[in-house]
Amino acid sequence: MSTKETQFTELVRDQKSTIYTVCMMFGEGHDEVEDLVQETLVRLWQGFDSFQGRSGIGTWVWRVAMNTCISSDRKKRRHSEKNTSLDELGIKAVDKAVDADNDRQIKLLHERIHRLGVFDRAIVLLWLEDISYEEIGEIVGISAKNVGVRLVRIREQLKKMK
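Parameters and conventions
- Residues numbered from 1 in each chain as written.
- Predicted model: local features only at pLDDT ≥ 70, side-chain atom pairs only at ≥ 80, totals over all residues.
- Heavy atoms only, no water.
- Axes fitted to C-alpha atoms, helices over the stretch in contact; angles between N-to-C directions.
- Helix = DSSP H or I, 4+ residues; strand = E, 2+ residues; numbered from the N terminus.
- Parallel < 35°, antiparallel > 145°, perpendicular 65-115°, else oblique.
- Contact = heavy atoms within 4.5 Å.
- Nonpolar A, V, L, I, M, F, W, Y, C, P; charged D, E, K, R; others polar.
- Buried < 20%, exposed > 50% of the residue type's maximum accessible area, 1.4 Å probe, protein only.
- Arc of directions from axis to C-beta.
- Expected span 1.5 Å × (residues − 1).
- Core = buried A, V, L, I, M, F, W, Y, C linked by side-chain atoms within 4.5 Å.
- Salt bridge = Lys/Arg side-chain N within 4 Å of Asp/Glu carboxyl O.
- Disulfide = S-S within 2.5 Å.

One way to put it is that helix α6 (residues 118–128) packs onto helix α8 (residues 144–160) with a least axis distance of 10 Å and a crossing angle of 100°. If you check the angle between α6 and α8, you find them roughly perpendicular. Of the residues in α8, those touching α6 at Phe119, Asp120, Ile123, Val124 and Trp127 are Arg150, Leu151, Ile154, Arg155 and Gln157. Considering only residue class, the contact of α6 with α8 consists of 6 nonpolar, 1 polar and 3 charged.

Below is the structure:
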């Protein structure tokens, strides 16, 4: 294995949780999530040589994964009719160990998050991963202050959803 392949393998091993988290938030079902993971890995490999270190490697992986998922989401939306059934909104299967009340609340939260716009969904995903406002801003291309403002607005939006 070449040095590049070894470094890339280590990067994927270190960042696999990030990659899967982003893809699970955007994918609907196991097969689509796996497709998004594979596409993200391809794009990471293609951009690996050009990564210049102007941001942290984790930030770069987040950005590539989110851009891959957002692009896929846009393509999917263009090719399918809008349907607001719960299956179409992308409610994910939740770990069976979670009790019934938590299960219901988690499903409701997932449903509401999936109803947000792609950009807002990305911000919420990053915030749920406990990433700082500064790093979220760096990933999505806005200021840290704007991240805070958007999160307040997103929270209000989520509260108003039925």
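On we go from here.
Right, let's get into helix α7 (residues 133–140). The set of residues buried in α7 consists of Ile136, Gly137, Ile139 and Val140. When α7 is viewed along its axis, its buried side chains cluster within an angular range of 160° and face the same direction. Immediately beyond the C-terminal end of α7, within one or two residues, lies Gly141, with a positive phi of roughly 85°.

What follows covers helix α2 (residues 30–48). In this model, α2 (19 residues) spans 26 Å end to end at C-alpha, consistent with the 27 Å of a helix rising 1.5 Å per residue. All of the buried residues in α2 are Glu32, Val33, Leu36, Val37, Thr40, Leu44, Gly47 and Phe48. For α2, the angular spread of the buried residues around the axis is 145°, confining them to a single face. More than 90 degrees from the buried face of α2, the exposed residues found are Asp31, Asp35 and Gln46.

On to the nonpolar core, then. Membership of the largest hydrophobic core comes to 37 residues, with the highest contact counts inside it found for Val22, Phe26, Trp62, Met66 and Leu126. Of all the secondary structure elements, the ones that give two or more residues to this core are α1 (3–26), α2, α3 (57–79), α6, α7 and α8. Looking at which element gives the most residues to this core, the answer is α3, with 8 residues. Every residue in contact with Val22, bar those within four places of it in the chain, is listed here: Trp62, Ala65, Met66, Cys69 and Leu125.

For the rest of this paragraph, the subject is the pattern of salt bridges. Under the defined criterion, the tally for this structure stands at 5 salt bridges. For Asp120, the salt bridge is made with Arg150, and the minimal N-O distance between the two is 2.7 Å. Of this pair, Asp120 sits in helix α6 while Arg150 sits in helix α8, placing them 30 residues apart in sequence. For Arg150, a relative accessible area of 28% gives the class partly exposed. Of the charged contacts in the structure, one is a salt bridge between Lys159 and Glu156, with a shortest N-O distance of 3.6 Å. Of the two residues, Lys159 and Glu156 both sit in helix α8, 3 residues apart, roughly one turn of that helix. What makes Glu156 partly exposed here is its relative accessible area of 38%.

So, about the environment of Thr18. For Thr18, the position within the fold is in helix α1. In this structure the C-alpha to C-alpha distance between Thr18 and Leu126, which are 108 residues apart in sequence, comes to 9.7 Å. The contact partners of Thr18, leaving out residues within four places of it in the chain, are Val61 and Trp62.

It is worth spelling out the state of the cysteines at this point. Applying the stated criterion to the full structure yields 0 disulfides. Take Cys23: it sits in no disulfide, and the sulfur closest to it among the cysteines is that of Cys69, at 3.9 Å.

With that out of the way, let us pick up the environment of Ile57. Turning to its location among the elements, Ile57 is positioned in helix α3. Residue classification places Ile57 among the partly exposed residues on the basis of a relative accessible area of 33%. Not counting the four nearest positions on each side in its chain, Ile57 is found in contact with Leu11, Gln15 and Phe51.

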